[in-house]
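# Results of the structural survey
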Amino acid sequence: MSAKDAPPPLPEPLLVEVADSHTHLDLQSGTVEEALVKAAAVGVTTVVQVGCDVKGSQWAAETAAAHEHVHAAVALHPNEAPRIVLGDPDGWSRQGAREGGGDAALDDALAEIDRLAALPYVRGVGETGLDFFRTGPEGIAAQERSFRAHIEIAKRHGKALVIHDREAHADVLRVLDEEGAPERTVFHCYSGDAAMAEICAAKGYYMSFAGNVTFKNAQHLRDALAVAPLELVLVETDAPFLTPAPYRGRPNAPYLIPVTLRAMAEVRGIDESEMAEAIAVNTARAFDY
């Protein structure tokens, strides 16, 4: 194993227990049990396991049912909706190459997300939203239809809405305004600037910061974190992606939350335990556990 593929070392444990508000255990190496033990050893005692397609959402619900400190969020990722409708000839997603199934196939997939969202250990509907980075203009209608359906599902079941917003800030905010956002709405891997953070704050949206807040080129994220109300701030890994500096490019996992949290405390000019206490309370409030 090269150094680049090697898991980063365990950070110093946090003194206050926190949650990883967004992770993908199904995409990480090792077992769920191993990941949870490693995370708990450094004070990360709760994780929100997030689904991105029907199979992944079913797995998230099953995993949350089996583990007391795992909560599930279920959804069709914004890039998944166009693949269901239009097909995925390149087989980019985990399902491999697929034929397009049209709107009927999207309806079927959404019906399964709706069924899963009713389960008690499913605490969120997401990650849903809009992604104009990977989906071209032909896929936008399917994305937006899927996003609106997820908002309705979240509201009907009283679950948190977990948003994936990539290069689509204005449109995500527009759709939330048009549909009426659920009571608890989380911008996962917050990617906006300070001005957008002020809009989110005014609307009571949670902003979850990932390891990219530590990247040299991410000053806009640190500026956003600096103005976000502390009671609306969460922390996440989005593991195995977005590993914080100095481990960028190596595999991410929930046990690396302390690295990101310490960087966030520095941006805020507060003690890491004060940051951890706020985040622990906020995550439990956001996901109602």
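Everything below is about the structure printed above this text.
Now for a description of the structure that goes with this document. (Residues numbered from 1 in each chain as written. Predicted model: local features only at pLDDT ≥ 70, side-chain atom pairs only at ≥ 80, totals over all residues. Heavy atoms only, no water.)

### Some remarks on the sheet that holds strand 8 (residues 185–187)
To be explicit about the condition: We call two strands paired when DSSP finds no fewer than two bridges between them. The helix and strand labels rest on DSSP assignments: H or I over at least four residues marks a helix, E over at least two residues marks a strand, and numbering proceeds from the N terminus. Interaxial angles span 0 to 180 degrees and are taken between N-to-C directions of axes, which are lines fitted to C-alpha atoms, for helices over the stretch in contact.
The eight strands lie next to each other as 1-2-3-6-7-8-9-10, forming an open sheet whose pairing is parallel. Pairing within the sheet leaves two strands with one partner each, and these edge strands are strand 1 (18–23) and strand 10 (233–235). Averaged over all pairs of adjacent strands, the angle between strand axes in this sheet comes to 30 degrees, irrespective of strand direction. In terms of strand pairing, strand 6 (residues 122–131) meets strand 7 (residues 160–166) through six bridges, oriented parallel. Within strand 7, the position partnered with G124 by the bridge is A160.

### A closer look at the environment of L230
Tracing the backbone shows L230 in the loop between helix 8 (219–227) and strand 10. Residues L230 and V172, 58 residues apart in the sequence, show an inter-C-alpha distance of 23 Å.

### Looking at the nonpolar core
Considering soluble globular proteins, one finds that nonpolar side chains tend to be buried as a cluster. Spelled out, the test is: We call a set of buried Ala, Val, Leu, Ile, Met, Phe, Trp, Tyr and Cys residues a nonpolar core when their side-chain atoms join them within 4.5 Å. Only protein chains enter the accessibility calculation, which uses a 1.4 Å probe. A residue is then buried if its area is under 20% of the maximum for its type, exposed if over 50%, and partly exposed in between. We call two residues in contact whenever any of their non-hydrogen atoms come within 4.5 Å of each other.
If you look at the biggest cluster of nonpolar residues, it comprises 82 residues, and the most contacted ones within it are F147, L176, F187, Y190, F209 and M264. The leading source of residues in this core is helix 4 (residues 102–117), at six residues. Excluding its chain neighbours within four sequence positions, the residues that come into contact with F147 are T128, G129, L130, L161, I163, V172, V175 and L176.

### A closer look at unusual backbone geometry
Of note, the amide linkage connecting G126 to E127 takes the cis form, showing an omega dihedral of 20 degrees. Tracing the backbone shows E127 in strand 6. In this model, A239 is joined to P240 through a cis peptide bond whose omega is 15 degrees. As for its placement among the helices and strands, P240 is situated in the loop between strand 10 and helix 9 (257–268). Phi is positive for E167, close to 55 degrees, though the residue is something other than glycine. Its location among the elements puts E167 in the loop between strand 7 and helix 6 (169–179). Although it is not a glycine, L242 adopts a positive phi angle of roughly 55 degrees. Along the chain, L242 turns up in the loop between strand 10 and helix 9. Given a relative accessible area of 25%, L242 falls into the partly exposed group.

### Structural notes on the packing of aromatic side chains
The line we're drawing: Aromatic rings from Phe, Tyr and Trp, taking only the six-membered ring of Trp, are treated as a pair when their centres fall within 6.5 Å; an angle between ring planes under 30 degrees marks them as stacked, one over 60 as edge-to-face, and anything in between as tilted. Two conditions define a charge located above a ring, namely a distance within 6 Å from the ring centre to NZ of Lys or CZ of Arg, and an angle within 35 degrees of the ring normal.
In total, this model carries two aromatic pairs according to the counting rule given. Between Y190 and F209, the ring centres sit 5.5 Å apart and the planes meet at 50 degrees, which makes this aromatic pair tilted. You can see Y190 sitting in the loop between strand 8 and helix 7 (194–203) and its partner F209 sitting in strand 9 (residues 206–209), a full 19 residues away along the chain. Classification of F209 as buried rests on a relative accessible area of 1%. Note that R166 overlies the ring of F133, its terminal NZ or CZ placed 3.6 Å from the centroid. Above the face of the F215 ring, R248 is positioned so that its terminal group lies 3.7 Å from the ring centre.

### Describing the packing of helix 5 (residues 140–157) against helix 6
Just so we agree on the cut-off: To sort the angles, those under 35 degrees are grouped as roughly parallel, those over 145 as roughly antiparallel, those from 65 to 115 as roughly perpendicular, and the leftovers as oblique. Each crossing is labelled by how the near helix is turned from the far one, with a counterclockwise turn of less than a right angle marking it left-handed and a clockwise turn marking it right-handed. Amino acids are sorted into nonpolar (Ala, Val, Leu, Ile, Met, Phe, Trp, Tyr, Cys and Pro), charged (Asp, Glu, Lys and Arg) and polar (every other residue, Gly among them).
Where helix 5 meets helix 6, the axes come as close as 11 Å, and the angle between the chain directions of the two elements is 45 degrees. Considered as vectors, helix 5 and helix 6 are oriented oblique to each other. Pair helix 5 / helix 6 crosses with right-handed handedness. When helix 5 is examined against helix 6, the residues E144, F147, R148, I151 and K155 are found in contact with a partner set consisting of V172, R174, V175, L176, E178 and E179. Tallied by class, the residues present in the contact of helix 5 with helix 6 amount to five nonpolar, no polar and six charged.

### A word on helix 4
Stated formally: A helix is expected to reach a length of 1.5 Å times the quantity of its residues less one.
Compared with the 22 Å implied by 1.5 Å per residue over 16 residues, the 23 Å span of helix 4 between its first and last C-alpha is a close match. Along helix 4, the residues classified as buried are L106, A109, L110, E112, I113, D114, L116 and A117. Buried residues along helix 4 sit against helix 2 (54–66), strand 3 (70–74), helix 3 (80–86), strand 6 and helix 5.

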